[in-house]
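Summary of structural features
Next come the chains, spelled out residue by residue.
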Amino acid sequence: MSFGTVLTAIVTPFDENLAVDEQALIDLMHHLAKHGSDGFVVCGTTGEAPTLGDAEHLRVVELASRYRPEGSTVIAGTGSNNTRHAAHMTERATALGVDGILSVTPYYNKPNRRGIVAHYREIAKATDKPIVLYNIPSRVVLDLPNELLAELAQIEHIDYVKQANNANLAPVDGLGLYAGNDEIFGRTLDLGGCGVISVASHVIGDEMRRMVDEPQNRAEIEASVRGVRDAVNVCNPISVKAALNLLGHQVGGLRLPLVEADEDEVAVVRAALQRHGLLQPVPSA
């Protein structure tokens, strides 16, 4: 199946008590769908999945699946360095009606190649939905080289990769390719890839949609959004939550060990939004 081209790795909004703000999540999904997003990845890194309990995690998945904007897709992050847990969460998310599964490389344990293959074989048994591998060595220590990705592609249901190692960006036999970093979205499209799983689409989704629809203007559009794109990616999801709150989307704070942006960090995000015309400058006294 096609998940779409611009997929937003959506934040998990919290209320003043840092409980999941269900209505804010639904509202944000519908806003993003009107501004370039084809679908959503819920409970990923940007969604602060490591600090969600299983019940909260599955509730977010349920809400996204049930209240998704018409025509949009939902991919659930269910990865873990505990294979049993990853398989359990994959099975539960599948039952809740998601379109696909995002499964990050097992972290901290540092399994060898045979362990990685065995891990993904178990996860693939837990779903009949397409699985998106998530290669992000900057967070999980391990890198999945493209020849290993091609081997994993032979496992039933493993159909895509979210590539967050820019040095590895290349087509992989048997896998649809999604950019895992916003700065390689244009390159991924130029390579014939599927699209991007994005943070910046929270605020520049319209321009990212134009990069898909206007390939002749892709380089120019990409250059025009570089400043704001980079600002909201400085420390994910701290910076993008700061941006969304500045823009009037009530997404709340962050759970420890993440902390809210400080005054200097907010100022950087505010300035980038203002330069891009997304936020009006505050008049001087």
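Here's a quick rundown of the structure. Small disclaimer: the values here were computed from a predicted structure and weren't measured. (Residues numbered from 1 in each chain as written. Predicted model: local features only at pLDDT ≥ 70, side-chain atom pairs only at ≥ 80, totals over all residues. Heavy atoms only, no water.)

Considering the pairing of strand 7 (residues 176–179)
Applied cut-off: Categorising residues by exposure relies on relative accessible area from a 1.4 Å probe, with only protein chains included: less than 20% of the type maximum marks a residue as buried, more than 50% marks it as exposed, and the intermediate range marks it as partly exposed. Numbering of helices and strands runs from the N terminus; a helix is a DSSP stretch of H or I covering at least four residues, while a strand is a stretch of E covering at least two. In this description, strands pair whenever DSSP reports at least two bridges between them. Seen with the strands pointing away from the viewer, any crossover whose path from the first strand over the helix to the second strand runs clockwise is right-handed.
The alternating pattern of strand 7 places Gly 176 and Tyr 178 and Leu 177 and Ala 179 on opposite faces, both of which are buried. When strand 6 (residues 158–163) meets strand 7, the two strands line up parallel, connected through 4 bridges. Bridge pairing in strand 7 links Gln 163 to Ala 179. Strand direction decides the pairing type here: strand 7 and strand 8 (residues 195–198), joined by 2 bridges, are parallel. Bridge assignment links Ala 179 to a residue of strand 8, and that residue is Val 196. Crossover handedness for the path strand 7 to helix 7 (residues 185–190) to strand 8: right-handed.

Structural notes on the pattern of salt bridges
The following threshold applies: Salt bridges are defined as contacts in which a side-chain nitrogen from Lys or Arg sits within 4 Å of a carboxyl oxygen from Asp or Glu.
Applying the stated criterion across every chain, the model contains 14 salt bridges. With a closest N to O distance of 2.5 Å, Asp 38 and Arg 209 form a salt bridge. Placement of Asp 38 in the loop between helix 1 (22–33) and strand 2 (39–42) and of Arg 209 in helix 8 (residues 201–213) is noted, with a sequence separation of 171 residues between them. The salt bridge involving Glu 214 is made with Arg 210; its shortest N-O contact spans 3.2 Å. With relative accessibility at 37%, the residue Arg 210 sits in the partly exposed group. Ionic contacts of the salt-bridge type, sharing partners, join the residues Glu 22, Arg 59, Glu 62 and Arg 66 into one network.

Focus: the packing of helix 3 (residues 83–95) against helix 4 (residues 113–125)
For clarity, the cut-off: Helix axes are fitted only over the stretch in contact, all axes being lines through C-alpha atoms; the angle between N-to-C directions runs from 0 to 180 degrees. Any angle from 65 to 115 degrees is called roughly perpendicular, while one under 35 is roughly parallel, one over 145 is roughly antiparallel, and all others are oblique. Crossing chirality is assigned from the near helix's rotation relative to the far helix, an anticlockwise turn below a right angle marking it left-handed and a clockwise turn marking it right-handed. Contacts were defined at the residue level, with two residues in contact if any of their heavy atoms lie within 4.5 Å.
Interhelical geometry of helix 3 versus helix 4 gives an angle of 25° and a closest axis separation of 8 Å. With respect to helix 4, the axis of helix 3 lies roughly parallel. Every pair of crossing elements has a handedness; the one defined by helix 3 and helix 4 is right-handed. From helix 3, Thr 83, Ala 86, Ala 87 and Thr 90 reach across to helix 4, where they touch His 119, Glu 122 and Ile 123.

Notes on helix 10 (residues 238–246)
For helix 10, the buried fraction is high: 7 of the 9 residues fall into the buried class. Phi turns positive one or two residues past the end of helix 10, at Gly 248, with a value near 95°.

Notes on the pairing of strand 2
Regular strands place side chains that alternate from one sheet face to the opposite one. Going residue by residue along strand 2, you find Gly 39 and Val 41 tucked away on one face and Phe 40 and Val 42 tucked away on the opposite face as well. Where strand 1 (residues 6–9) meets strand 2, 3 bridges bridge the pair, whose relative direction is parallel. Bridge assignment links Thr 8 to a residue of strand 2, and that residue is Phe 40. After leaving strand 1, the chain enters helix 1 and then returns to the sheet as strand 2, a path that is right-handed. Pairing of strand 2 with strand 3 (residues 73–77) involves 4 bridges; the strand directions are parallel. Across the sheet, the residue bridging to Gly 39 is Thr 73, located in strand 3. Between the parallel pair strand 2 and strand 3, the chain is carried across by helix 2 (residues 54–67), and the sense of this crossover is right-handed.

Some remarks on helix 2
In plain terms, the rule: Given a helix with a known number of residues, its expected span is that number minus one, times 1.5 Å.
Taking 1.5 Å per residue, 14 residues should reach 20 Å; helix 2 reaches 20 Å between its end C-alpha atoms and fits that length. The elements touched by buried residues of helix 2 are helix 1, strand 2, strand 3 and helix 3.

Re the sheet that holds strand 5 (residues 131–135)
Spatially, the 8 strands close up into a barrel ordered 1-2-3-4-5-6-7-8, and their pairing is parallel. Going across the sheet, the axis of each strand differs from the next one's by a mean of 25°, ignoring polarity. Its contacts with the sheet place helix 8 against strand 1 and strand 8, and it is angled at close to 165° to strand 1.

As for unusual backbone geometry
Of note, the amide linkage connecting Asn 236 to Pro 237 takes the cis form, showing an omega dihedral of 5°. Position of Pro 237 among the secondary structure elements: in the loop between helix 9 (218–231) and helix 10. For the bond from Leu 256 to Pro 257, the omega torsion is 15°, close enough to zero to count as cis. Along the polypeptide, Pro 257 turns up in the loop between helix 10 and helix 11 (263–275).

What to know about the nonpolar core
As a reminder of what qualifies: Residues belong to a common nonpolar core when they are buried Ala, Val, Leu, Ile, Met, Phe, Trp, Tyr or Cys residues joined through side-chain atoms within 4.5 Å.
Counting residues in each nonpolar core, the largest one holds 69 residues, and the members touching the most others are Ile 10, Val 42, Tyr 120, Leu 133, Leu 152 and Leu 175. In this structure, Val 42 is in contact with Ile 10, Val 60, Val 61, Ala 64, Val 74, Ile 75, Ala 76 and Gly 77, ignoring residues within four places of it in sequence. One finds Phe 3, Leu 7, Ala 9 and Tyr 134 within the second-largest nonpolar core, a separate group that totals 15 residues.

Quick notes on a negative patch on the surface
Heads up, the condition is: Patch membership is restricted to residues that have no salt bridge and whose relative accessible area is over 30%. Joining uses 9 Å for like charges and 5 Å for the nonpolar side chains Val, Leu, Ile, Met, Phe, Trp and Tyr. Surface accessibility follows the Shrake-Rupley procedure with a 1.4 Å probe radius. Residue values consider only the protein chains on display as shielding. As used throughout, the charge tally considers Lys and Arg to be positive and Asp and Glu to be negative, leaving His and the chain termini uncounted. Taken as the charge location is NZ of Lys, CZ of Arg, CG of Asp or CD of Glu.
Taken together, the side chains of Asp 262, Glu 263, Asp 264 and Glu 265 define an acidic patch exposed on the protein surface. Relative to the elements of secondary structure, Glu 265 occurs in helix 11.

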